[in-house]
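Coordinates in review
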Amino acid sequence: MSIDTATGKEAPAEISSERVKDIFSSIAKKYERFNAVSSFGAYKVWLAGMMKQAPIGPDDDVLDIAGGTGDVTFSVARAKHPAHIQCTDLVPEMLDVARMHRDEGAAEGVPVDFDVVDAQDIPYADASYDAVTMAYGIRNMPDRPQALAEMFRVLKPGGALVCLEFSTPPNHVWRALYTFYLKHLIPFWGGLITGDRDGFVYLARSIRAFPDQRGLTALMEDAGFSDVTWKNYTGGIAAVHVAKKPE
Ligand SMILES: C[S@@+](CC[C@H](N)C(=O)[O-])C[C@H]1O[C@@H](n2cnc3c(N)ncnc32)[C@H](O)[C@@H]1O
């Protein structure tokens, strides 16, 4: 079943896919500023947490899903020095920025390749990657069970999916403040700084419609993953889930 990622309600996949392509192809060059603005810089702390938890070794071949402009890819390169990283995304304009960063030396010698890939239909062989990384990707996908099943399929047995995503603060006061921020401040403040109000309206709506930590865990388990754990950041505004493909 596919959903509209802005509402969580059942809808044809094309609605969300076309919207995501429109948003990310037009903000590709401003995306990094957009990211910094929307999280008040906290995304750097969350990314560092993701690296800390990622079970990635020096011989590993890593697949970065929804890699965008390469933030996760280059962080993995710097933190883990794996054998190879395949950085993929649905939107070619995002990968053009990532390619530019690689050419400027951001991969620090780790071989990185790029490919336009829809995570819901990954064109790689079964059991071909040691780890799959994904930051702020799954929330934008209309068929999340299919996307997670594809990530499970391309992972080797024993491999791990490491997923950073916006989530739900468990404390109700913090959650209420955060919901107010999402509803009222993010579109205003984000639009003012980047000139792209629509992108921020979508960001806020998609976060509010996204499952909480337990809901995402259940989706991962339904796709076959086991030993799913998560760690909250900034009181649960973001969470890093680590899920294993059984041996
Ligand atoms: C918020 S950005 C995150 C980029 C990057 N992971 C980061 O941490 O900066 C979300 C990315 O997901 C990509 N995306 C959305 N739907 C996708 C899909 N079905 N398959 C692959 N990538 C997708 C978008 O093109 C966009 O680059």
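Looking at an unreviewed UniProt entry, one finds the protein chain named Demethylmenaquinone methyltransferase, with Gordonibacter massiliensis as its source organism. Entered under Pathway (unreviewed entry) in the UniProt record, the comment concerning the protein chain runs "Quinol/quinone metabolism; menaquinone biosynthesis; menaquinol from 1,4-dihydroxy-2-naphthoate: step 2/2." We quote the UniProt Function (unreviewed entry) comment for the protein chain here in full: "Methyltransferase required for the conversion of demethylmenaquinol (DMKH2) to menaquinol (MKH2)."

Bringing the overall build of the protein chain into the picture now. The secondary structure content of the protein chain amounts to 9 helices and 7 strands. For 247 residues, the compact-globule estimate of 2.2 N^0.38 gives 18 Å, and the protein chain sits close to it at 17 Å. Overall, the protein chain is about 45 × 40 × 35 Å in size when its C-alpha atoms are taken along their principal axes. Classification of the 247 residues of the protein chain by burial places 54% in the buried group. Look at the contacts in the protein chain between residues 6 or more apart in sequence, and 71% of them connect residues 24 or more apart. Of the charged side chains in the protein chain, 25 are positive and 33 negative; the average position of the first set lies 9 Å away from that of the second.

The buried fraction of strand β1 (residues 61–65) is high, at 4 of 5 residues. With 4 bridges connecting them, β1 and strand β2 (residues 84–89) associate as parallel partners. Among the inter-strand pairings, V62 is bridged to a residue of β2, identified as I85. For the segment spanning β1, helix α4 (residues 71–80) and β2, crossover handedness is right-handed. Where β1 lies against strand β4 (residues 129–135), 4 bridges are found, and the strand directions are parallel.

Counting across every chain of the model gives 0 disulfides. In this structure C163 is not part of a disulfide, and its nearest cysteine sulfur, from C87, lies 16 Å away.

For the rest of this paragraph, the subject is helix α6 (residues 144–154). For α6, the full list of buried residues reads R144, A147, L148, E150, M151, F152 and V154. In this structure, the buried residues of α6 make contact with β1, β4, β5 (155–166) and α9 (213–222). Its side-chain oxygen placed 3.2 Å from the backbone nitrogen of Q146, D143 serves as the N-cap of α6.

Here is what the cut-offs are and how they apply
Residues numbered from 1 in each chain as written. Predicted model: local features only at pLDDT ≥ 70, side-chain atom pairs only at ≥ 80, totals over all residues. Heavy atoms only, no water. UniProt positions renumbered as here; feature names shortened; annotations may be inferred. Helix = DSSP H or I, 4+ residues; strand = E, 2+ residues; numbered from the N terminus. Rg over C-alpha atoms; globule rule 2.2 N^0.38 Å. Buried < 20%, exposed > 50% of the residue type's maximum accessible area, 1.4 Å probe, protein only. Contact = heavy atoms within 4.5 Å. Lys, Arg positive; Asp, Glu negative; His and termini not counted. Charge placed at Lys NZ, Arg CZ, Asp CG, Glu CD. Pairing = 2+ DSSP bridges. Right-handed = clockwise from strand over helix to strand, strands pointing away. Disulfide = S-S within 2.5 Å. Polar contact = N/O pair within 3.5 Å; in protein donor to acceptor, adjacent residues only side chain to side chain.

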